[in-house]
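Residue-level listing of the chains:
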Amino acid sequence: MESVHYLLMKAHTRLNQTILSQASEIGLTAGQPKILEYLMTHEGSDQKTISKYCEIRQSTVGNILLGMEKHGLIKRKQIEGNRRSLYVFLTDKGRQAATDMAFIFDTCEHDALKYLTTDEIEQLKILLNKICMKFETDIKE
């Protein structure tokens, strides 16, 4: 059997390729689906917060947001009392793209997990969360 790091990388790569392929069919580029998903539940976030949650460098998020703004998916604006930061909001077009992506994410996840039992899926979530928590602890130290 392959090593854990290889299997994690392989599973991520295959799932990501499937998602990005379908995202490109609706006109999205890499990084945009993850940001759209985040904005569906965290609309009005600033670039730094989006970067942290999506685990994308802040400068890269800035470039992605610029492209999303040019394509009418988002709008950035200041909020009263804070002139330093721009906050990101979905447009109607962006909300539709986010809804389309939610369907793509759900379909891809369902396909990826279709051979696992409900208990195995829950166990996988627990184990992956433990791995993520370990790295979060390392970052804080």
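Given the structure is predicted, the values throughout are model-derived calculations rather than measurements. (Residues numbered from 1 in each chain as written. Predicted model: local features only at pLDDT ≥ 70, side-chain atom pairs only at ≥ 80, totals over all residues. Heavy atoms only, no water.)

A.B. asks: So what exactly am I meant to see when it comes to unusual backbone geometry here?
C.D. replies: Where the residue is not glycine, phi is negative for most of them; where a peptide bond is considered, it is trans in most cases. Look at Glu-55: it is not a glycine, yet its phi comes out positive at around 55 degrees. Structurally, Glu-55 is set in the loop between α3 (47–54) and α4 (58–70). (Helix = DSSP H or I, 4+ residues; strand = E, 2+ residues; numbered from the N terminus.)

A.B. asks: I keep staring at the pattern of salt bridges and nothing clicks. Help me out?
C.D. replies: Opposite charge on two side chains allows them to pair when their charged atoms are near. Overall, the coordinates contain four salt bridges when judged by the stated rule. Linking Glu-69 and Arg-76 is a salt bridge whose minimum nitrogen-to-oxygen distance equals 3.0 Å. For Glu-69, a relative accessible area of 31% puts it in the partly exposed group. Taking the relative accessible area as the measure of exposure, Arg-76 reaches 22% and is therefore partly exposed. (Salt bridge = Lys/Arg side-chain N within 4 Å of Asp/Glu carboxyl O. Buried < 20%, exposed > 50% of the residue type's maximum accessible area, 1.4 Å probe, protein only.)

A.B. asks: I'm lost on the side chain of Gln-32 in this one. Help?
C.D. replies: In this structure, Gln-32 sits in helix α2 (residues 32–41). Those residues within four positions of Gln-32 in sequence are excluded, and the remaining contacts are Gly-27, Ile-64, Gly-67, Met-68 and Leu-73. (Contact = heavy atoms within 4.5 Å.)

A.B. asks: Would you mind going over α3 with me for this structure?
C.D. replies: Each turn of an α-helix holds 3.6 residues, which means side chains three or four residues apart point in the same direction. Ile-50, Ser-51 and Cys-54 are the residues of α3 that are buried. With its buried residues spanning 100 degrees around the axis, α3 presents them on a single face. When the buried face of α3 is taken as reference, the exposed residues oriented beyond 90 degrees from it are Lys-48, Lys-52 and Tyr-53. (Arc of directions from axis to C-beta.)

A.B. asks: Sorry, what's going on with the packing of aromatic side chains here?
C.D. replies: Two aromatic rings are characterised by how far apart their centres lie and by the angle between their planes. As enumerated under the stated definition, the model contains one aromatic pair in all. The ring of Phe-89 carries the charged tip of Lys-77 above its face, separated from the ring centre by 4.7 Å. Looking at Lys-134, its charged tip hangs above the ring of Phe-135, at a distance of 5.5 Å from the centre. (Phe/Tyr/Trp six-rings, centres within 6.5 Å; stacked < 30°, edge-to-face > 60°. Lys NZ or Arg CZ within 6 Å of the ring centre and 35° of its normal.)

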